[in-house]
Amino acid sequence: MIYCAHHSQPPGIVFKLSLTNPTPPTLPSSIHNNIDIPKSGGTTAKRLYQCMGQTLAHRVGADPKFGHDKEDEVVVFEPHAGKDWKVVNVDTTIKAGILRAKELGLVQSHTTDLIFTMEPNFAGRELYDEANKGRFLALFRHPVERAVSMFYYLQTATWERTYRPEWADMSVIEWAGLEHQEEDYMVHKLVGKKFGDPADETDLIIAKELVRQRFIVGLMGEMKESIRRFNIVLGVTPDDGHE
């Protein structure tokens, strides 16, 4: 799920991907922003592009233990010795980190290959400008499969703020009967609405149009083909010297 900035495509040009035209054009000199839809393959994509030597912006770079989270400029560094991947010192997965990235001029610095976020509407509005436009690449998953995966994951994910140990004794049917704040997850995220606020048909139409115009769509169930298409847009290859 990646947002491409600094490309030469004129505004309004949409990549057409189909069985007869499966290869999108390469975007030269691009910076990319990965939108992390929970339980939809984002972690897999992150690890893949780490292994391919890409410089990433996500929560790791802002961890205080690395000592760069208070710097007043964008810093590229290797968080783990002996591993050939780099991060920048901002956490673009959250709104506060996005605002810090904006203040430091992350996109304009051209230091980063992939910017990961869980706030696509906010990141698109705050990080990019008329001189730095872009496009998302996104891995999507069937919403029911994603929700069920999240149900099982949060039963044991003690490191997550949304850890739910009380779900461990529930069946999926019992859990599905609960009131959930995550209804219409992607519609809310794409149009910038808070969870709990109702999403209507107009919001759905806007969200679908955003995906149509601004996204290269990948499917978690078609990971190999999705990554192949993403790599073309990113201008990277699996055999560029990284294991």
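So, here is what we can say about the structure in this document. (Residues numbered from 1 in each chain as written. Predicted model: local features only at pLDDT ≥ 70, side-chain atom pairs only at ≥ 80, totals over all residues. Heavy atoms only, no water.)

Let's shift gears to the overall build of the protein chain. The number of helices and strands found in the protein chain is 9 helices and 8 strands. Within the protein chain, the proportion of its 243 residues that are buried is 42%. When the accessible surface of the protein chain is summed, it comes to about 13100 Å², and 54% of that surface belongs to carbon and sulfur atoms. (Helix = DSSP H or I, 4+ residues; strand = E, 2+ residues; numbered from the N terminus. Buried < 20%, exposed > 50% of the residue type's maximum accessible area, 1.4 Å probe, protein only. Areas by Shrake-Rupley, 256 points an atom, 1.4 Å probe, with all protein chains shown as cover.)

In regular strands, side chains alternate between the two faces of the sheet. Here strand S6 (residues 114-117) shows two buried faces, one formed by Leu114 and Phe116 and the other by Ile115 and Thr117. With 2 bridges connecting them, strand S3 (residues 55-57) and S6 associate as parallel partners. Opposite Leu56, over in S6, you have Leu114 as the bridge partner. (Pairing = 2+ DSSP bridges.)

The N-to-C vectors of helix H1 (residues 42-51) and helix H9 (residues 223-234) enclose an angle of 50°; their axes lie 12 Å apart at closest approach. The orientation of H1 with respect to H9, classified from their angle, is oblique. Where H1 crosses over H9, the two elements pack in a sense that is right-handed. Facing Thr44, Leu48 and Tyr49 of H1, the residues of H9 in contact are Met223, Ile227, Phe230, Asn231 and Leu234. Split by residue class, the contact of H1 with H9 holds 6 nonpolar, 2 polar and no charged. (Axes fitted to C-alpha atoms, helices over the stretch in contact; angles between N-to-C directions. Parallel < 35°, antiparallel > 145°, perpendicular 65-115°, else oblique. Left-handed = near helix turned anticlockwise from the far one by under 90°. Contact = heavy atoms within 4.5 Å. Nonpolar A, V, L, I, M, F, W, Y, C, P; charged D, E, K, R; others polar.)

This paragraph deals with helix H4 (residues 120-127). Of all the positions in H4, only Pro120, Phe122, Ala123, Glu126 and Leu127 are classed as buried. Along the axis of H4, the buried residues cluster in a sector spanning 160°; they form a single face. (Arc of directions from axis to C-beta.)

On to the pattern of salt bridges, then. According to the stated counting rule, one finds 10 salt bridges in the structure shown. Among the salt bridges present, the one from Arg125 reaches Glu126, with a minimum N-O distance of 3.8 Å. Residue class for Arg125 comes out partly exposed when judged on its relative accessible area of 49%. Taking the relative accessible area as the measure of exposure, Glu126 reaches 17% and is therefore buried. We note a salt bridge from Glu145 to Arg141, for which the minimum N-O separation is 4.0 Å. Since its relative accessible area comes to 48%, Glu145 is described here as partly exposed. Accessibility expressed as a relative area gives 24% for Arg141, which makes it partly exposed. Overlapping salt bridges bring together Lys102, Arg125 and Glu126 as one network. (Salt bridge = Lys/Arg side-chain N within 4 Å of Asp/Glu carboxyl O.)

In this section: the side chain of Asn132. Tracing the backbone through its elements, the reader meets Asn132 in the loop between H4 and strand S7 (136-140). Taking relative accessible area as the criterion, Asn132 reaches 4% and is therefore assigned buried. Side chain to side chain, Asn132 and Asp129 meet in a polar contact 2.5 Å long. (Polar contact = N/O pair within 3.5 Å; in protein donor to acceptor, adjacent residues only side chain to side chain.)

With that settled, the discussion passes to the packing of aromatic side chains. Applying the stated criterion across every chain yields a total of 9 aromatic pairs. Measuring from ring centre to ring centre gives 5.7 Å for Trp167 and Trp175, while their planes differ by 70°; the resulting arrangement is edge-to-face. On the accessibility criterion, Trp167 (11% relative accessible area) is buried. Here a set of aromatic residues connected by ring pairs shows up, and it is made of Phe151, Tyr152, Trp167 and Trp175. Over the face of the ring belonging to Phe116 we find Lys46, whose NZ or CZ atom lies 5.6 Å from the ring centre. Directly above the aromatic system of Tyr185 lies the positively charged group of Arg146, at a separation of 4.5 Å from the ring centroid. (Phe/Tyr/Trp six-rings, centres within 6.5 Å; stacked < 30°, edge-to-face > 60°. Lys NZ or Arg CZ within 6 Å of the ring centre and 35° of its normal.)

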